[in-house]
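# Tertiary structure, described
Residue-level listing of the chains:
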Amino acid sequence: MGGFFSLPEYASTLTLLLSSLVVLLAGVVRGLTGFGFSVLCVSSLSVFMPPSQVVPALFVLEIAASISLLKTSWPDVHWSWLRVLAWGNLLFIPLGVLTQQNLSDNALRLLIAGVIGVIALAQLGGLRPQGPPGKALQWGTGMVSGWLNGLAAIGGIAVAMVFNQTRLAPAVMRASLVVFFLFTDLFALLCLALMSHLAIVPASLHDISGPTAFWSVAWLPAMLLGIWLGHRQSAGISPERFRRGVQILLVLIAVLMGLRVVAA
């Protein structure tokens, strides 16, 4: 294949099967909890694929997932929270994209592993903001999540930590995250495309668009199936116990990513 749908360097049959399985399982997590898709995908897939190919495709998949849930989520969105988060992301997503595109694959793996490992360990240890979030914490969350979104499409994990300290109903949190992911990933994808077109980042638009289109199309069915399966099982599983299992898994994957870099 050539042109826009060019075959990426790592697109072997084994890689396609393994990566689709990862996306399917991450989709189940998204269907059960409303978040966690990108953080599981980017940490797992980056063990055997370049993060620079994984992250842009995740932008596209998160957009598709949010669009599929937008109609049912729209009435429950908490707009005052989203306004603050949106401004923080507008300011810091470009910085995250620049960081992502200017690091080597192994340096990016180490950075992502460190961020995910620290956040997962903090959640496992019960470390979280005390009391209801004030304006300073809201703005701080927006800026940190913006940088993480541009870096690796994982800003939702920071927002979810703070949302858990609010008195928002679960349906409101889930709906707000759906719209949040739609906005932030659209903006991050636009930033990446514009920076590539203007040669602000090393990779050209052609270098990014080919693998992004290929992996987005390849992984979309697995993601949608996983989300559907997760929704079907959500009533029979304890969300708290499930989140704890996901957090333990993230720590293990972060360690595996670090070992991958050391062994390279």
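Residues numbered from 1 in each chain as written. Predicted model: local features only at pLDDT ≥ 70, side-chain atom pairs only at ≥ 80, totals over all residues. Heavy atoms only, no water.

If you tally the helices and strands in the chain, you get 10 helices and 0 strands. What you see for the chain is a C-alpha radius of gyration of 17 Å, in line with the 18 Å of a compact globule of 264 residues. Taking the principal axes of its C-alpha atoms as reference, the chain extends roughly 50 × 40 × 40 Å. For the chain, the residues scored as buried account for 52% of the 264 residues in total. Put simply, 86% of the contacts in the chain that link residues at least 6 apart link residues at least 24 apart. Of the charged side chains in the chain, 13 are positive and 7 negative; the average position of the first set lies 14 Å away from that of the second. (Helix = DSSP H or I, 4+ residues; strand = E, 2+ residues; numbered from the N terminus. Rg over C-alpha atoms; globule rule 2.2 N^0.38 Å. Buried < 20%, exposed > 50% of the residue type's maximum accessible area, 1.4 Å probe, protein only. Contact = heavy atoms within 4.5 Å. Lys, Arg positive; Asp, Glu negative; His and termini not counted. Charge placed at Lys NZ, Arg CZ, Asp CG, Glu CD.)

Turning to the environment of I93, a few remarks are in order. With respect to the helices and strands, the residue I93 is situated in helix 4 (residues 79-102). For I93 and A153, which are 60 residues apart along the polypeptide, the C-alpha to C-alpha distance reads 9.6 Å. Apart from the residues within four sequence positions on either side, I93 is in contact with G146, W147, N149, G150, T184, F187, A188 and C191.

Here we take up the environment of V118. Checked against the element boundaries, V118 lands in helix 5 (residues 105-124). The exposure class assigned to V118 is exposed, which follows from its relative accessible area of 58%. Linking V118 and N106, residues 12 residues apart in sequence, is a C-alpha distance of 18 Å.

With that settled, consider the packing of aromatic side chains. One pass over the full model with this rule turns up 5 aromatic pairs. Where F183 meets F187, the ring centres are 6.3 Å apart and the plane angle is 5°; that geometry is what we call stacked. Taken together, the positions of F183 and F187, both in helix 8 (residues 170-197) and 4 residues apart, correspond to about one turn of that helix. When the centroid spacing of 5.0 Å and the interplanar angle of 85° are considered together, the rings of F214 and W215 count as edge-to-face. Residue F214 is classed as buried on the basis of its relative accessible area of 14%. (Phe/Tyr/Trp six-rings, centres within 6.5 Å; stacked < 30°, edge-to-face > 60°.)

Counting 55 residues, the largest nonpolar core has V23, F37, V42, L58, I154, W219 and L250 as its most contacted members. Excluding its chain neighbours within four sequence positions, the residues that come into contact with I154 are S38, V39, V42, V115, I116, L148 and N149. Counting residues in each nonpolar core, the second largest holds 17 residues, with W81, V159, V179 and F180 among its members. (Core = buried A, V, L, I, M, F, W, Y, C linked by side-chain atoms within 4.5 Å.)

Its identity is not glycine, yet A153 carries a phi of approximately 60°, on the positive side. Along the chain, A153 falls in the loop between helix 6 (135-152) and helix 7 (156-163).

All right, on to the confidence of the model for the chain then. Detailed reading of the predicted coordinates is not advisable wherever pLDDT is low. Overall, the prediction assigns the chain a mean pLDDT of 86, with 92% of residues at 70 or greater. Considering each helix and strand of the chain separately, the mean pLDDT is smallest for helix 10 (residues 239-263), with a value of 81, and largest for helix 4, with 94. (pLDDT = per-residue confidence, 0-100.)

Here we come to the packing of helix 5 against helix 6. Remark: helix 5 packs on helix 6, axes separated minimally by 11 Å, with the N-to-C direction vectors making an angle of 140°. With respect to helix 6, the element helix 5 is oriented oblique. For helix 5 against helix 6, the interelement crossing comes out left-handed. When helix 5 is examined against helix 6, the residues L108, L111, I112, V115 and I119 are found in contact with a partner set consisting of W147, L148, L151 and A152. (Axes fitted to C-alpha atoms, helices over the stretch in contact; angles between N-to-C directions. Parallel < 35°, antiparallel > 145°, perpendicular 65-115°, else oblique. Left-handed = near helix turned anticlockwise from the far one by under 90°.)

A surface patch of nonpolar side chains, about 380 Å² in accessible area, is lined by W87, L90, W139 and M143. Going through the elements one at a time, helix 4 and helix 6 are the ones with two or more residues in the nonpolar patch. Mapped onto the fold, W139 is located in helix 6. Looking at W139, the relative accessible area reads 35%, which means it is partly exposed. (Patch = residues over 30% accessible without salt bridge, like charges linked within 9 Å, V, L, I, M, F, W, Y side chains within 5 Å. Areas by Shrake-Rupley, 256 points an atom, 1.4 Å probe, with all protein chains shown as cover. Salt bridge = Lys/Arg side-chain N within 4 Å of Asp/Glu carboxyl O.)

The next point concerns the environment of I208. One can find I208 in helix 9 (residues 205-233). I208 gets classed as buried once you look at its relative accessible area, which sits at 13%. Separated by 22 residues in sequence, I208 and G230 place their C-alpha atoms 31 Å apart. With residues near it in sequence (within four places) discarded, I208 still touches P56, Q101, L192, S196 and A203.

Moving on, we get to helix 2 (residues 37-45). Residues separated by three or four positions in an α-helix point in the same direction, a consequence of the helix having 3.6 residues per turn. The element helix 2 is largely enclosed, with a buried count of 9 among its 9 residues. When helix 2 is considered as a whole, its buried residues turn out to be F37, S38, V39, L40, C41, V42, S43, S44 and L45.

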